Amino acid sequence: MSESISKQIVEAAGFLLFSRRPTPSFLLMQHATRWDLPKGHVEPGEAILAAALRETQEETGISATEIEIDAEFRFALEYEVYGKKRGDYRKRTTYFLGFVSQQHTPLLTEHIGFAWFEWPVSGSLQAQTIDPLLAAVKQHWSGLPSRFLGD
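Residues numbered from 1 in each chain as written. Predicted model: local features only at pLDDT ≥ 70, side-chain atom pairs only at ≥ 80, totals over all residues. Heavy atoms only, no water.

K.L.:
Which residues make up the pattern of salt bridges, and what values do they have?
P.N.:
Across all of its chains, the model carries eleven salt bridges by this definition. The shortest N-O distance in the salt bridge between Arg92 and Glu11 comes to 2.5 Å. Here Glu11 lies in strand E1 (residues 9-19) and Arg92 lies in strand E6 (residues 87-100), a separation of 81 residues in the sequence. Looking at Arg92, the relative accessible area reads 27%, which means it is partly exposed. For Glu11, a relative accessible area of 25% corresponds to the partly exposed category. Close ionic contact of Glu43 with Arg54 constitutes a salt bridge, the shortest N to O distance being 4.0 Å. (Salt bridge = Lys/Arg side-chain N within 4 Å of Asp/Glu carboxyl O. Helix = DSSP H or I, 4+ residues; strand = E, 2+ residues; numbered from the N terminus. Buried < 20%, exposed > 50% of the residue type's maximum accessible area, 1.4 Å probe, protein only.)

Structure representation (structure tokens):
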């Protein structure tokens, strides 16, 4: 059995939030060296969607009641994490897609900044997680532009 298969999987969940106004754009949170999404670990007994909503509110101040969830989209990534604090483990992060009525100014509790990026984005933002997620959203929306734009 390979080492990566035998490692415990830690579940995490988060949201990719889009605003339709003033122009279609999505929210990314800024760490010191990279862009990220509002996300975090799933607590024992917690549903994965509930964890995503909780973490999004904790990291942005945007409440679940302000998010319109695309029930047809779910994207998961699994990868190795090498850390001094928790040791090495496999992490599976499930991302949900949500819409907010306007571009919020997030409450920064775990990040140093934020930005709303216009859709569609050109170029790479973060190869490990964000780029594959954005590609999955683009594929999800192919043929469904009116649903995204709210027409």
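Anyway, onward from the coordinates.
K.L.:
Lay out helix H3 (residues 130-141) with the relevant residues and their values.
P.N.:
Its twelve residues give H3 an end-to-end C-alpha distance of 16 Å, which sits within 8% of 16 Å, the value for a rise of 1.5 Å per residue. All buried positions along H3 are accounted for by Ile130, Leu133, Leu134, Ala136, Val137, His140 and Trp141. Viewed end-on, H3 has its buried residues packed into an arc of 160°, placing them on one side of the element. Exposed residues pointing more than 90 degrees away from the buried face of H3 are listed as Lys138 and Gln139. (Expected span 1.5 Å × (residues − 1). Arc of directions from axis to C-beta.)

K.L.:
Explain helix H2 (residues 48-60) to me, and be specific about the residues and the numbers.
P.N.:
When the terminal C-alpha atoms of H2 are compared, their 18 Å separation across 13 residues agrees well with the 18 Å that a helix rising 1.5 Å per residue should span. Of the positions making up H2, those classed as buried are Ala51, Ala52, Leu53, Glu55, Thr56, Glu59 and Thr60. Residues of H2 that are buried in the fold lie against E1, strand E2 (25-30), strand E4 (39-41), strand E5 (68-83) and E6. A positive phi of about 85° marks Gly61, the residue just after H2. (Contact = heavy atoms within 4.5 Å.)

K.L.:
Can you break down the pairing of E1 residue by residue, with the values?
P.N.:
Counting buried residues in E1 gives nine out of eleven residues, a clear majority hidden from the surface. Direction of pairing for E1 relative to E6: parallel, over a ladder of eleven bridges. Looking at E6, one finds that Glu11 is bridged to Arg92. Sheet topology places E1 next to E4; three bridges connect them, and they run antiparallel. When the bridges of E4 are listed, Ala12 appears paired with His41. By the bridge criterion, two bridges tie E1 to E2 in an arrangement that is antiparallel. Its bridge partner lying in E2, Ser19 is registered against Ser25. (Pairing = 2+ DSSP bridges.)

K.L.:
I'd like a description of the nonpolar core, backed by residues and values.
P.N.:
Among the nonpolar cores identified, the biggest contains 25 residues, and Leu16, Phe18, Phe26, Leu133 and Val137 are the most heavily contacted of them. Sorting elements by how many residues they give to this core places H3 first, with six residues. Those residues in contact with Val137, other than ones at most four positions away along the chain, are Leu16, Phe18, Phe73, Leu97 and Trp119. In this structure, Phe15, Ala52, Ile62 and Ile67 belong to the second largest nonpolar core, which totals 13 residues. (Core = buried A, V, L, I, M, F, W, Y, C linked by side-chain atoms within 4.5 Å.)

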